[in-house]
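Each chain, letter by letter, is given below.
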Amino acid sequence: MNRPRTTPPRWVRRALVGLALLVPCVVFGVTTATADLSLGPHEARYEVTTDSLVVVDLGPLGTLEIDSPLPAGLGARITVEEIPADLTAFDQATTIAALSQDLQGYLQFFSGPQTTIDQVARALVVDALARTGLAMLVVAAGGAGLYLLLGRGRRVEISDALVPRTWELTAGVLVVSLVVGVVSASGEEPAQTDSRPASAVFEGTPLEGARITGRLAGVVDTYGGQLLNAYRDNEKFYAGANDALVAAWDERDVLEEAAAAQAEAEAQAARDAAAEPPAEGDLGVDGLADDPAGAQGEGADPTGETPSGSAAEATGGETDDPARRPGTPGATEAPSATPEDELVSMLVVSDLHCNTGMTPLIKTAGVRSGADIVLNAGDTTMNGTSVEQFCVNSFISAVPDGATMVVADGNHDSVETSAQERRRGVKILDGDVIEVDGVRILGDRDALETRIGAGSKAARPETPTEQAERLAETACSAKDGVDLLLIHTPRIGNESLESGCVPLQVSGHTHRRKGPEQFGLGIRYVSASTAGAESGEPTVGPLKGVAEMTVLRFDPVAREFVDWQLVQVFPDGSAQVAAREPFPVPASEEVLEGVDGTEGTEGTDGGVVPDGTEEGDGSGDGSDGEGAGAPGQDQGAVVPDALIVGAGPSASGRR
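Residues numbered from 1 in each chain as written. Predicted model: local features only at pLDDT ≥ 70, side-chain atom pairs only at ≥ 80, totals over all residues. Heavy atoms only, no water.

**Topic: the overall build of the protein chain**
Here's step 1: Regarding its fold elements, the protein chain presents 13 helices and 26 strands.
Here's step 2: Looking at the 655 residues of the protein chain, the share that counts as buried comes to 45%.
Here's step 3: Partitioning the intrachain contacts of the protein chain with sequence separation of at least 6 by distance along the chain shows that 66% fall at a separation of at least 24.
Here's step 4: By element, 57% of the accessible surface of the protein chain is carried by carbon and sulfur atoms, the whole surface being about 32,600 Å². (Helix = DSSP H or I, 4+ residues; strand = E, 2+ residues; numbered from the N terminus. Buried < 20%, exposed > 50% of the residue type's maximum accessible area, 1.4 Å probe, protein only. Contact = heavy atoms within 4.5 Å. Areas by Shrake-Rupley, 256 points an atom, 1.4 Å probe, with all protein chains shown as cover.)

In structure tokens, the structure reads:
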């Protein structure tokens, strides 16, 4: 005797129908997701599979297989494609340089595969959601069409027949959806190849456990050890350098705390001395007994005004100390009245050139300096290609939580680089003024594009000179003014500084630090390379030159820069953190022309430069000015030895 079927309530039936339609859409979306990204220097296609393996297909060379970290038996198949044409379209004379760049791409992938994995995961999730949404739209449209086609009478008839079987139908749809999804994702079984056990070459690396098939196995066994040795050397160097940077910053913090404590003690002693009245008959500061009735002395002005002909009157009421006279070359700001925790801290990096080994050190500098903004002066990549998104993502990962990266892309970047950065939330300067944490920043990407082996060419319709004029006009017409001009090539900001509409320009490009120093009516600071870039040397691997970062602090109330601090990492793995230096105050045009009875000299680019400063940034030919001095050589403003602390193999005695 058959038991009567239980008909679920209407809301249950509708929920089950929705679930039965949603599950196959999700299964379809996940198991068919694809992404076209990069793997090392190659373009690559990533596809989701259900065989619990991550398979890197290198065509005739064979495959590399590792167990998938994805849940639910999901895996991935990576089909490695060509190296982009703009990385290989060189003549014979530059072929070796091209191969060197390819090697750097492989090394970057092996030294930091997690960055690539995160990038791929994001892309696949986005594609899966898009495919799921599309499938739901198709199902909804098909259901609506069927609903109208059947008519009311036929719909009632079908409903009466299907409603009692709601549970069986729902379970059947779910099972069929899962089976179809698995089959569609797996596709054809790959041809059986001579599989090997896990390659010993990858032991102790993020690719440990990888299995190699085909010709690739022989290549890896023969040359893999050399690549892995380079990888291990790279990891060891930058781990040690980061430890040295942490130690140097710890030492700097101790010195600053001691200086702050001493300053507070001296201030308290001064307050106590001022609050205690002198005893009767005590000697005053001039060695004479205090005389309240005649304290002003013979000839003193009873009004308390400064006597005529005094030194103060002769200088217009100003002190004789040049460091306290705004508008004098070399003058610096008095300590900011704004509390330190309200100052805006900015970390300057420049000319990173895909040296992702510096990523953890940039992260350390950003966190320890309390950076609110990371200013990137450009040349994040080598050629601005799609496959260099690995580098872009790596450096963005170094931005401290809550901080914002602002970038003025350089001549080695491209529109593609800007798009990659914009997708990750970076603020891209493109000729307009933006405000970040109360700082009004103007900037633009470089007017030229430089490609290794192919030279430089115009990146936009305007010339560098026209770009410089446009930026100066924008600065002078900005309703609320401009606090900072961030560009890549220094000479592009000359007109803005000469106009007096920009108080500070930060740039890079030359790989040599210069300043902060007066240029025109503002201050110019040219940052050295944060990658330690040296002429003719690859930027991937242990440092070939000194890598530098700079911390700037800005007072949002007074709208002025308070101080700057230099951070250096040396090729021997040591690191230094200098003391904060008061930021120079730009002198007025009148002072520049008449201070000490001398005239300023006219710079090569038309800027007024005080005597004794060196003009020219080495960027007139569009090159990166890579003829930097020896590591550790002074590259601009001199930092006194007494103000520097360091850590590492040879930090002591560093100049």
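**A short note on the pairing of strand 10 (residues 404-407)**
Here's step 1: Alternating positions in strand 10 separate into two faces, Thr404 and Val406 on one and Met405 and Val407 on the other, with burial throughout.
Here's step 2: For strand 9 (residues 373-376) and strand 10, the ladder comprises 4 bridges, and the chain directions are parallel. Across the sheet, Val374 pairs through a bridge with Met405, a residue of strand 10.
Here's step 3: For the crossover from strand 9 across helix 9 (residues 389-396) to strand 10, the handedness is right-handed.
Here's step 4: For strand 10 and strand 11 (residues 427-428), the ladder comprises 2 bridges, and the chain directions are parallel. Opposite Val407, over in strand 11, you have Ile428 as the bridge partner.
Here's step 5: Once you follow strand 10 into helix 10 (residues 415-423) and on to strand 11, the crossover reads as right-handed. (Pairing = 2+ DSSP bridges. Right-handed = clockwise from strand over helix to strand, strands pointing away.)

**Section: helix 9**
Given 3.6 residues to a turn, an α-helix orients residues that are three or four positions apart in the same direction.
Here's step 1: Among the 8 residues of helix 9, 8 are classified as buried, and the element is accordingly described as predominantly covered.
Here's step 2: Turning to helix 9, its buried residues number three or more, namely Gln389, Phe390, Cys391, Val392, Asn393, Ser394, Phe395 and Ile396.

**Considering the sheet that holds strand 16 (residues 484-486)**
Here's step 1: An order of 12-13-16-17-19-18 is seen for the 6 strands of this open sheet, with the pairing classed as mixed. In this open sheet, the two edge strands, each paired with only one partner strand, are strand 12 (433-436) and strand 18 (514-519). Neighbour to neighbour, the strand axes of the sheet diverge by 25 degrees on average, direction disregarded.
Here's step 2: Pairing of strand 13 (residues 439-443) with strand 16 involves 3 bridges; the strand directions are parallel. Counted as the bridge partner of Gly443 is Leu486 from strand 16. (Axes fitted to C-alpha atoms, helices over the stretch in contact; angles between N-to-C directions.)

**Some words on the state of the cysteines**
Simply put, the disulfide is a covalent bond whose two ends are the sulfur atoms of two cysteines.
Here's step 1: Evaluated as defined, the whole model comprises 2 disulfides.
Here's step 2: Two residues, Cys354 and Cys391, share a disulfide whose sulfurs are 2.0 Å apart. The chirality of the disulfide connecting Cys354 with Cys391 is right-handed, given an S-S dihedral of about 105 degrees. In this pair, Cys354 sits in the loop between strand 8 (344-349) and helix 8 (359-368) while Cys391 sits in helix 9, placing the two residues 37 residues apart along the sequence. Each member of the pair, Cys354 as well as Cys391, carries the same accessibility label: buried.
Here's step 3: Counting only the cysteines that form disulfides, in the order they appear in the protein chain, gives the pairing 1-2, 3-4. (Disulfide = S-S within 2.5 Å.)

**What to know about the packing of aromatic side chains**
Here's step 1: The full count for this structure, using the stated rule, is 4 aromatic pairs.
Here's step 2: Taking 4.9 Å as the distance between ring centres and 90 degrees as the angle between the ring planes, the aromatic pair formed by Phe237 and Tyr238 counts as edge-to-face.
Here's step 3: By relative accessible area, Tyr238 is classed as buried at 4%.
Here's step 4: Among the aromatic residues, those joined into a ring-pair cluster are Phe554, Phe561 and Phe583. (Phe/Tyr/Trp six-rings, centres within 6.5 Å; stacked < 30°, edge-to-face > 60°.)

**Some remarks on the pattern of salt bridges**
Here's step 1: Counted by the stated rule, this structure contains 16 salt bridges.
Here's step 2: Where Arg460 meets Asp444, a salt bridge forms, and the shortest distance between an N and an O atom there is 2.9 Å. Of this pair, Arg460 sits in the loop between strand 15 (455-458) and helix 11 (464-477) while Asp444 sits in the loop between strand 13 and strand 14 (448-451), placing them 16 residues apart in sequence.
Here's step 3: With relative accessibility at 14%, the residue Arg460 sits in the buried group.
Here's step 4: Overall, Asp444 belongs to the buried group, its relative accessible area being 2%.
Here's step 5: We note a salt bridge from Asp563 to Arg553, for which the minimum N-O separation is 2.8 Å. Residue Asp563 is located in strand 21 (residues 560-569), and its partner Arg553 is located in strand 20 (residues 547-555); the two are separated by 10 residues in the primary sequence. The pair Asp563 / Arg553 is uniform in exposure class, with both members buried.
Here's step 6: Overlapping salt bridges, with partners in common, bring together Asp430, Asp444, Arg460, Glu462 and Arg470 in one network. (Salt bridge = Lys/Arg side-chain N within 4 Å of Asp/Glu carboxyl O.)

**Remarks on the nonpolar core**
Nonpolar side chains tend to gather and get buried jointly when the protein is soluble and globular.
Here's step 1: Core analysis: the biggest nonpolar cluster contains 39 residues, and Leu245, Leu347, Met358, Ile362 and Met549 have the highest contact counts within it.
Here's step 2: Where this core is concerned, the elements lending two or more residues are helix 6 (215-275), strand 8, helix 8, helix 9, strand 10, strand 20, strand 21 and strand 22 (575-578).
Here's step 3: Per element, the largest residue contribution to this core is 7 residues, and it comes from helix 6.
Here's step 4: Ignoring sequence-local partners within four residues, the contact set of Met358 consists of Tyr238, Thr530, Ala531, Leu543, Ala547 and Met549.
Here's step 5: The next biggest cluster of nonpolar side chains, apart from the first, holds 25 residues, and it includes Val344, Leu429, Leu486 and Ala578. (Core = buried A, V, L, I, M, F, W, Y, C linked by side-chain atoms within 4.5 Å.)

**Considerations on the packing of helix 9 against helix 10**
Here's step 1: Direction vectors running N to C along helix 9 and helix 10 enclose 40 degrees, while the axes themselves pass 10 Å from each other. By the angle between their axes, helix 9 is oblique relative to helix 10. Regarding helix 9 and helix 10, the two cross each other, and that crossing is right-handed. Counted together, Gln389, Val392 and Ile396 of helix 9 and Thr417, Gln420, Glu421 and Arg423 of helix 10 form the full contact between these two elements.
Here's step 2: Counted by class, the contact of helix 9 with helix 10 contains 2 nonpolar, 3 polar and 2 charged residues. (Parallel < 35°, antiparallel > 145°, perpendicular 65-115°, else oblique. Left-handed = near helix turned anticlockwise from the far one by under 90°. Nonpolar A, V, L, I, M, F, W, Y, C, P; charged D, E, K, R; others polar.)

**Description of a negative patch on the surface**
Here's step 1: On the surface, a cluster of negative charge is made up of Glu466, Glu469, Glu473 and Glu495.
Here's step 2: Among the secondary structure elements, Glu495 is positioned in helix 12 (residues 494-499). (Patch = residues over 30% accessible without salt bridge, like charges linked within 9 Å, V, L, I, M, F, W, Y side chains within 5 Å. Lys, Arg positive; Asp, Glu negative; His and termini not counted. Charge placed at Lys NZ, Arg CZ, Asp CG, Glu CD.)

**Re the side chain of Asp351**
Here's step 1: Position of Asp351 relative to the elements: it lies in the loop between strand 8 and helix 8.
Here's step 2: Reaching out from Asp351, the side chain makes a polar contact with the side chain of His511 at a distance of 3.3 Å.
Here's step 3: Dropping the residues within four chain positions of it, Asp351 is found in contact with Gly378, Asp379, His488, Gly508, His509, His511, Ser529, Thr530 and Ala531. (Polar contact = N/O pair within 3.5 Å; in protein donor to acceptor, adjacent residues only side chain to side chain.)

**Some points on the side chain of Asp555**
Here's step 1: Along the chain, Asp555 turns up in strand 20.
Here's step 2: We note that Asp555 is buried and unpaired, the nearest opposite charge coming from Arg559 at a distance of 7.9 Å.
Here's step 3: Within the structure, Asp555 has its side chain in polar contact with the side chain of Thr338 (distance 2.7 Å).

**Here's the deal with the pairing of strand 22**
Here's step 1: Here strand 22 shows a buried face lined by Ala575 and Val577 and a second buried face lined by Gln576 and Ala578.
Here's step 2: The sheet contact formed by strand 21 and strand 22 spans 3 bridges and is antiparallel. Opposite Val567, over in strand 22, you have Val577 as the bridge partner.
Here's step 3: If you look at the hairpin formed by strand 21 and strand 22, you'll find 5 residues sitting between the two strands, and Gly573 has a positive phi there, around 90 degrees.

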